[in-house]
Amino acid sequence: MNTTTLLSAPITLDRRLLLGETEYQVTVFPTDDRRLDLCIVSSDGDGQVVSEISGGISPADLPALTDVLSSTLAGLIAMTRQPGRVSALGFRLATALFGSAGIEWNLTAASDSE
């Protein structure tokens with residue numbers, strides 16, 4: 001998104017997500033100073049605001065900021081998710097069979113069709 005796009009087509013993006021009793025609203029819109037205003041609001045089941053985060057972002061900073069935010073949130077999810085198996089049973093069985101039953105396959109000797 002470039003500066004011309006921001007000034008000539010002021011579009012507001014608004015996304016909502018309901019998780020249990022909590023509603024999250026993410027809104028992004030261009031400002032007069034050629035930045036994007038990002039606002040994240042969470043509210044409870046009664047409509048009362050629980051938390052709000054907002055600030056201006058330069059469009060040029062969006063790619064790097066998106067990378068950092070995505071990796072930070074992914075790390076948070078990984079640290080807080082309950083441990084458990086996420087692979088299908090068939091995949092785990094095949095992995096165990098090839099890993100511990102002594103079945104070996106020399107891939108350097110395999111033909112193209114194999």
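See the structure above.
### Structural notes on the sheet that holds strand β3 (residues 36–43)
Sheet strands pair via backbone hydrogen bonds, and the direction of the pair is either parallel or antiparallel.
Thought 1: Strand order across the open sheet formed by four strands is β1-β2-β3-β4, with antiparallel pairing between neighbours. With partners counted over all chains shown, the strands left at the sheet margins are β1 (13–19) and β4 (49–57), one partner each. This sheet shows a mean twist of 10 degrees between the axes of neighbouring strands, independent of strand direction.
Thought 2: Pairing of β3 with β4 involves eight bridges; the strand directions are antiparallel. By the bridge assignment for β4, Ile 40 is matched with Ile 53.

### Side note on the environment of Leu 18
Thought 1: Turning to its location among the elements, Leu 18 is positioned in strand β1.
Thought 2: For the pair Leu 18 and Asp 44, spaced 26 residues apart in sequence, the C-alpha to C-alpha distance is 9.8 Å.

### Observations concerning the side chain of Ser 43
Thought 1: Tracing the backbone through its elements, the reader meets Ser 43 in strand β3.
Thought 2: Beyond its immediate chain neighbours, meaning those up to four positions away, Ser 43 contacts Glu 21, Thr 22, Glu 23, Gln 48, Val 49 and Val 50.

### Comments concerning the side chain of Asp 37
Thought 1: When you line up the elements, Asp 37 lands in strand β3.
Thought 2: Comment: no salt bridge for buried Asp 37; closest opposite-charge side chain is Arg 35, at 8.1 Å.
Thought 3: Those residues within four positions of Asp 37 in sequence are excluded, and the remaining contacts are Thr 27, Val 28, Phe 29, Thr 31, Gly 55 and Gly 56.

### Some thoughts on the pairing of β1
Walk down a regular strand and you will see the side chains alternate between the two sheet faces.
Thought 1: Taking burial as the measure, the seven residues of β1 include zero buried ones, a minor fraction of the element.
Thought 2: The sheet contact formed by β1 and strand β2 (residues 22–30) spans seven bridges and is antiparallel. Counterpart to Leu 19 in the pairing with β2 is Thr 22.
Thought 3: From the end of β1 to the start of β2, which pair antiparallel, there are two residues, and Gly 20 there has a positive phi angle of about 65 degrees.

Rules and cut-offs
Residues numbered from 1 in each chain as written. Predicted model: local features only at pLDDT ≥ 70, side-chain atom pairs only at ≥ 80, totals over all residues. Heavy atoms only, no water. Pairing = 2+ DSSP bridges. Helix = DSSP H or I, 4+ residues; strand = E, 2+ residues; numbered from the N terminus. Axes fitted to C-alpha atoms, helices over the stretch in contact; angles between N-to-C directions. Contact = heavy atoms within 4.5 Å. Buried < 20%, exposed > 50% of the residue type's maximum accessible area, 1.4 Å probe, protein only. Lys, Arg positive; Asp, Glu negative; His and termini not counted. Salt bridge = Lys/Arg side-chain N within 4 Å of Asp/Glu carboxyl O.

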